[in-house]
Each structure stands twice: as C-alpha cells, then as structure tokens.
Amino acid sequence: HHLIAAGKAVFLSLDIEHAGEYVGVIQLSAELFRLDLLPNGTGARSDTAANIRRCVDTFNKYVKPESSMEWDSKAVQTHGLTASDQRISGADTIGVVWSHFCLWLGDNVAPDESCILVAWNGEGCDLKWLWNPIQAPGSRLVWPGQVKFFMDPLRVIKKFTGCRIHPSKSKIENLELGVVWKHLNDGRNLNGAHDSMVDARAQTDIVIHNHFVPYINRTYSIQPMSKMFGACNILDWKKKMEPAREIHAPWKEQKRGDAIKWELLECDRYTGAS
C-alpha cells in the first residue's frame, strides 16, 4: 500500500459499544499504533513487523444517549452497561464525544499521515452504528478526514487460508475477538472483554502479532473508506435497521385493541356512479 511504503500509515484500532437501534453508541474507544513492515522474502507472506509504536494517549469516552427509548436487552447483557450507570448518565452526548474524538485524532496524527481504521467485524457491525449518526442524511457530524482506509482483521483471517490464525490451521472453535486473542496469548482470557477500550487494545494485539502481520499489506486487506460506506453496504444496513424503527408522523401504527378506522373520501373512490 502506498501509505505503508511511504511510512505515512497510522493504524486506528477502534471499537464501540451500543444499546440497540433506538439508543445507538454508548461507548467509543480507540488506540493508534504505527509499525514498519520489513519484507524478508519475495512476497508479503514473509513480511515481519519492527519498530511497533503504540500511542500512549488512547481515546475512551462513554456516551449519554439523546434518545430515552428502551435499551436493547441483548446489548445490555453483552456489555453490562445501563442507562442509570453513572458512567452513562454523567457522560456527554455523541455530538460532544465525536468532536473530542476528532480533536484527539488531530493531536496525534501528523498532517501528512493518514489513518487505516481497524475494526473487528466492522463491515457488519461497528461501521453500521457509526454510519447512523455520522453518515446518514441530515447528520450534523462529520467523518474525520484523516481516516481514509479500513481493515477488518476478521475479514482478513477468513480470506487467507494460509494465515496461521485461520480455523483450518489454528483449530480454534470460532473467530470471536476474545477467542482469537486467547489463542494468540497462550490461553490467557481477555479480561474485561466487551468493554470497547479492552477490545480496541485486543485488536491491536492481534494485528501486530507475527501470525497476522504478513497479511496486512495486501490488496484485499486495506480498503478505501468510501467502499465501506458504499451504496450497497448502506442499503443493506438500512434494510436491516428499518423494521426496528418507530413509525413516523403522520402515520400511526395500529396495535391490538386500537379502534382506528378511516374511509376514503368520495372523490378518491373508484366505485359508484361517478
């Protein structure tokens, strides 16, 4: 990749926690890291990483939802956060948190550098939740200009059967983030998993591991953000999210017990003498 060749690539390991369709993002965490890829053979398969620099200044903010809608029970069960949690009730809204995130990026990424967003299952999960408040029509938030590319480590591992983390080689039970991290760390458990800061750091641990490094600088691995926020993905997200949304005015959804009745105006009917 031209950024890697020029030494201008900064990897942005990002993770979020959410509370369902109505509530949205409730925690946003990220870690920046840089590395030098050394070609030790004739192809990328032999690449190794050197001079790995993990930025000490990480980003970790909770978000107070602007919606008072009910939190999704499955999401709550996963991360354990609730609306009454002091970390949530005392937090800023997504608009404020996002502005802090963009300022943090500006402070830690040089003007001539560009970010490669790293998000585990990001195409199917995290990016959908970020698109909602940031990329959707009418949004007041702006995607940071430094973040121009995207890499999903899960997608990469699934694609390359030669990768030693691929189930055909590793024999691991599944490719969940915590399971992969445990496999690469001598069977130790990922303490605090499903806290987005813990998960963001775990993503970094996996990407800089020598089992994964040879698959970073591949055409399939690093994609333009425009492709991830492309029309096909957004259409798919809309289709999956729309059934959960409330009916908007002037429509009203009927429920059992409602006695809503209406009739067409005479002039709109296709029956009768007229």
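Residues numbered from 1 in each chain as written. Predicted model: local features only at pLDDT ≥ 70, side-chain atom pairs only at ≥ 80, totals over all residues. Heavy atoms only, no water.

A.B. asks: So what exactly am I meant to see when it comes to the pairing of strand E5 (residues 114-118) here?
C.D. replies: Remark: a regular strand shows side chains that alternate across the two faces of the sheet. Of all five residues in E5, five are buried; the element is thus mostly enclosed. Burial along E5 is two-sided: the face carrying Ser114, Ile116 and Val118 and the face carrying Cys115 and Leu117 are both buried. Where E5 meets strand E6 (residues 147-151), four bridges bridge the pair, whose relative direction is parallel. Considered in E6, the bridge of Ile116 is made with Phe149. (Buried < 20%, exposed > 50% of the residue type's maximum accessible area, 1.4 Å probe, protein only. Helix = DSSP H or I, 4+ residues; strand = E, 2+ residues; numbered from the N terminus. Pairing = 2+ DSSP bridges.)

A.B. asks: Looking at this structure, I do not really get the nonpolar core. What am I missing?
C.D. replies: One recurring pattern in soluble globular proteins: nonpolar side chains tend to sit buried together. In terms of nonpolar packing, the biggest core is built from 35 residues, with Phe11, Met151, Ile165, Val180, Ile206, Phe212 and Ile216 touching the most fellow members. With five residues, helix H8 (residues 177-184) is the largest single contributor of residues to this core. When near neighbours in sequence (up to four residues on either side) are disregarded, Ile165 contacts Ile157, Ser170, Ile172, Leu175, Val180, Leu184, Ile206, His211 and Phe212. Core analysis: the next-biggest nonpolar cluster, separate from the first, contains 30 residues, Leu28, Trp98, Cys115 and Leu117 among them. (Core = buried A, V, L, I, M, F, W, Y, C linked by side-chain atoms within 4.5 Å. Contact = heavy atoms within 4.5 Å.)

A.B. asks: Even after reading the chapter, I still don't get the pattern of salt bridges, so can you show me in this structure?
C.D. replies: When the charged atoms of two side chains lie near each other, side chains of opposite charge can form a pair. Tallying each qualifying case throughout the model produces eight salt bridges. The closest approach of N and O atoms between Asp205 and Arg54, which form a salt bridge, is 2.6 Å. Separated by 151 residues along the polypeptide, Asp205 in helix H9 (residues 196-207) and Arg54 in strand E3 (residues 47-54) bring together distant segments of the chain. In this structure, Glu266 and Arg269 form a salt bridge, with 3.7 Å as the shortest nitrogen-oxygen distance. With a relative accessible area of 54%, Glu266 lands in the exposed category. When salt bridges that share partners are traced, they join Glu31, Arg54 and Asp205 into one network. (Salt bridge = Lys/Arg side-chain N within 4 Å of Asp/Glu carboxyl O.)

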